[in-house]
Amino acid sequence: MSELKVADLLPDLGPSALTVAGDLMLDVFVEGVVERMSPEAPVPILAEQTSVCTPGGAANAALRARDLGSDVSLFGRLGKDDAAKEVLDSLAAAAVKTQGVYRDPQITTTRKTRFLSAGRQLLRVDKEERRPASAPEITFYREGIASAPVAILVSDYGKGVVSDELLELVRARAGEVSGFFVVDPAAGIDPGRYRGAALITPNRRECELIAGTQIVDAASAKLAALAYSGAAGDAPVLVTLGAEGALLIAPGRSGSQGHVFFAAYRQDVFDVTGAGDATAAAIARGLSGGLDLSSSCRLGMAAGAVAVSRPHTTAISLAELADL
Amino acid sequence: MALSARRTSELMEGFAKARIAVVGDFMADVYLNARPARLSREAPVMVVRYQGERMIPGGAANAVNNLVALGAQVQPIGVLGADPAGQMLKSFFEEHTLGLEGVVPQADYDTVAKTRVMVGAENRSRQQVLRIDREPERLMSKTSRDALLERVEALLPSVDALVLSDYGYGTLDKSTSRTVIDLAGDKLTTGDSRYELSKMRGVTVAKPNHDEAEALVGFPVRSDADAIRAGEELLKSLESQALLLTRGNKGMMLSQQGCDSILIAAADSPGEVTDVSGAGDTVVGIFTLALIAGANFAEAAELANYGAGVVVGKLGAATVSPAELLKAATINYS
């Protein structure tokens, strides 16, 4: 099953309309050269050459789903600052629907600034504000999600958008005919709140934190994934393990094999920023286009592999995934 | 020395009436404060959480800041970009109710900014972990340069002196320096340039530091005799009336047309010498203000020397208040 090629899946991939809900942010990449040390303190001086902004978090997931042909309606919140404008401009350029983006002048838009030289990071500075969604914000989402696509991707970065109330709205909407929701979870959050998900995609660390064990081999990965799934009301779980691939478990599914191991694609890793977003977005894209869970995960693995092979959070395409 | 307490007060009373324009490279010294958060999972680097940032005016804007602190009426003349550093400098000028008539906005100009990332946990001292320098990739446009010269010309009649503060970022390039000095005519002009004082031939007074003087004359300036020789040579080639050479812990040396050079020992500093960055701007400010107030070159140099003693005891590009200057002068008499 895991030998299935992405190219073989594409003929079965139907059109897709997707709701993406979660924490929106701006990724800033400041690149330059380091040629001298500061005369004031023993630190390097980065002479800035370029500064590139791209949407991050759920906004990146939305763009990647859009790359793969989904019609995307995005839900989340932004402030009314420069960072918010950058995010909205990029989303508009990609024709992502942003009517579901709640604007609050009180909020500082989350911004992660990475300082790089010769492709290597030197430092990351995060500007963020974690705060639970306010009552007017929840009302805003309730009204929007009621008419949004029933195929839903929740991209939780733990900044406050993905509240229990929002998850209730998502569950209700996903309960409609042919609806489902996939969750890219935040670290250290009780997965019980994601119950009812068609799939949860923790990475190694997120899975280990919940399972309370270390993943060292296939057997321990399976146990950890089962523990995570158990904590999430037996929802299917895909644990992504970086260069070691990923493990899908779908407990209690009739006719299911129980678990599927996906080997990683051999790719030169350039930048892992946003790889998780690409993986989750492609899985949601696959499911909403009519692929089964295992095939969708295969598509997700391919998307993650392409994403890490290039700088920052750049566009991917179905054609590239088929070439793997 | 020659300057009495009464004469000091008398000169300093003139500071508040002095109208002075500063033309040059406005820069922003930004201190970004953050708390350590964790290690990144993307790369083996720190992730720090942003807390806030503050901007200290740098370059020609530090010269402006020093003059403002001394109570003068200051007119900044230069270019600002539409970027955050440009915005911060504009706000700084506005907060100090400085006229913006001399500020030329250029949307695509990269305002020079030096950002220090200062990281520290709650209740601990912060430590610098990285400096990010943003230097202009896109320089001043022809339109901006023309606008700058127009503003210099328009504002000159309403000021007592003009300070040229060149930090090597292109505002005062060779031809602009030439035009500005020619426009100033007989008006008092003070020239301060990082290694390119030679393009400011004709300024009334020039203020090189030790390294700049050495580079200009082409011989090592080690002894007092070397300094005197360097000062005389520079004074001649610059065709200036006076030249004030700042010599770090060796104090200063004043050269004047037709007089013997005067060596001035470094003034007592109220604190330990902490940071000499930006001290030259303090010296330029006091020296120029004293001249406007009627001091002769020697008196102005002496007062500037007291101010230098105060400012090097402060961290970062700092300023000196009239009260601090008066106190420093008083201490140094006794």
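Rules of the game
Residues numbered from 1 in each chain as written. Chains lettered and ligands numbered in written order. Predicted model: local features only at pLDDT ≥ 70, side-chain atom pairs only at ≥ 80, totals over all residues. Heavy atoms only, no water. Helix = DSSP H or I, 4+ residues; strand = E, 2+ residues; numbered from the N terminus. Rg over C-alpha atoms; globule rule 2.2 N^0.38 Å. Buried < 20%, exposed > 50% of the residue type's maximum accessible area, 1.4 Å probe, protein only. Contact = heavy atoms within 4.5 Å. Pairing = 2+ DSSP bridges. Axes fitted to C-alpha atoms, helices over the stretch in contact; angles between N-to-C directions. 1 Å grid on protein atoms, 1.4 Å probe; cavity = no way out; pocket = protein on both sides within 12 Å on 5 of 7 lines; lining within 4 Å. Points joined across faces, edges and corners; volume = space filled by probe spheres on them. Nonpolar A, V, L, I, M, F, W, Y, C, P; charged D, E, K, R; others polar. Buried area = accessible area lost by both parts, 1.4 Å probe. Salt bridge = Lys/Arg side-chain N within 4 Å of Asp/Glu carboxyl O. Polar contact = N/O pair within 3.5 Å; in protein donor to acceptor, adjacent residues only side chain to side chain. pLDDT = per-residue confidence, 0-100.

### Observations regarding the overall build of chain A
(1) Moving on: Secondary structure assignment for chain A yields 10 helices and 13 strands.
(2) Moving on: Its C-alpha radius of gyration of 19 Å places chain A within 12% of the 20 Å reference for a compact globule of 324 residues.
(3) Moving on: Considering only C-alpha atoms, chain A reaches an extent of 65 × 45 × 40 Å along its principal axes.
(4) Moving on: Looking at chain A as a whole, 56% of its 324 residues qualify as buried.
(5) Moving on: If you take every contact in chain A between residues at least 6 apart in sequence, the share linking residues at least 24 apart comes to 67%.

### Quick look at the sheet that holds strand 3 (residues 44-57) of chain A
(1) Moving on: Taken in spatial order, the 8 strands line up as 2(A)-3(A)-7(B)-6(B)-2(B)-3(B)-7(A)-6(A) and close into a barrel, and their pairing is mixed. Neighbour-to-neighbour, the strand axes of the sheet open up by a mean angle of 35°, direction not taken into account.
(2) Moving on: Sheet analysis places strand 7 (residues 120-127) of chain A next to strand 3 (residues 46-59) of chain B, joined by 3 bridges and oriented parallel. Across the sheet, the residue bridging to Arg-124 of chain A is Val-47 of chain B, located in strand 3 of chain B.

### A few points about empty space enclosed by the protein
All names here are of chain A.
(1) Moving on: Inspection of the entire model under this criterion finds 2 cavities of 30 Å³ or more.
(2) Moving on: Size it by volume and the largest cavity reaches roughly 110 Å³.
(3) Moving on: Leu-24, Arg-77, Ile-107, Thr-108 and Thr-110 are the residues nearest the centre of the largest cavity, which is lined by 13 residues in total.
(4) Moving on: Split into classes, the residues belonging to the lining of the largest cavity amount to 4 nonpolar, 4 polar and 5 charged.

### Thoughts on the environment of Glu-10 of chain B
(1) Moving on: Structurally, Glu-10 of chain B is set in helix 1 (residues 5-13).
(2) Moving on: A sequence separation of 13 residues divides Glu-10 of chain B from Val-23 of chain B, and the C-alpha atoms of the two residues are 28 Å apart.

### So, the interface of chain B and chain A
(1) Moving on: Between chain B and chain A, the contact holds 22 residues from the first and 26 residues from the second.
(2) Moving on: For the pair chain B and chain A, the summed buried surface comes to about 2300 Å²; carbon and sulfur atoms form 53% of the total.
(3) Moving on: Area buried by chain B at its contact with chain A is led by Glu-42, Leu-130 and Arg-131 of chain B, which between them contribute 27% of it.
(4) Moving on: Our count for the chain B to chain A interface comes out at 5 salt bridges.
(5) Moving on: Taking the shortest distance from any N to any O, the salt bridge between Glu-48 of chain A and Arg-134 of chain B comes out at 3.3 Å.
(6) Moving on: Our enumeration of links across chain B and chain A arrives at 11 residue pairs in polar contact (both at pLDDT 80 or more).

### Notes on the confidence of the model for chain B
(1) Moving on: Within chain B, residue pLDDT values average 93, and 97% of them lie at 70 or more.
(2) Moving on: Overall fold confidence (pTM) sits at 0.83, and the ipTM for the predicted complex is 0.84.

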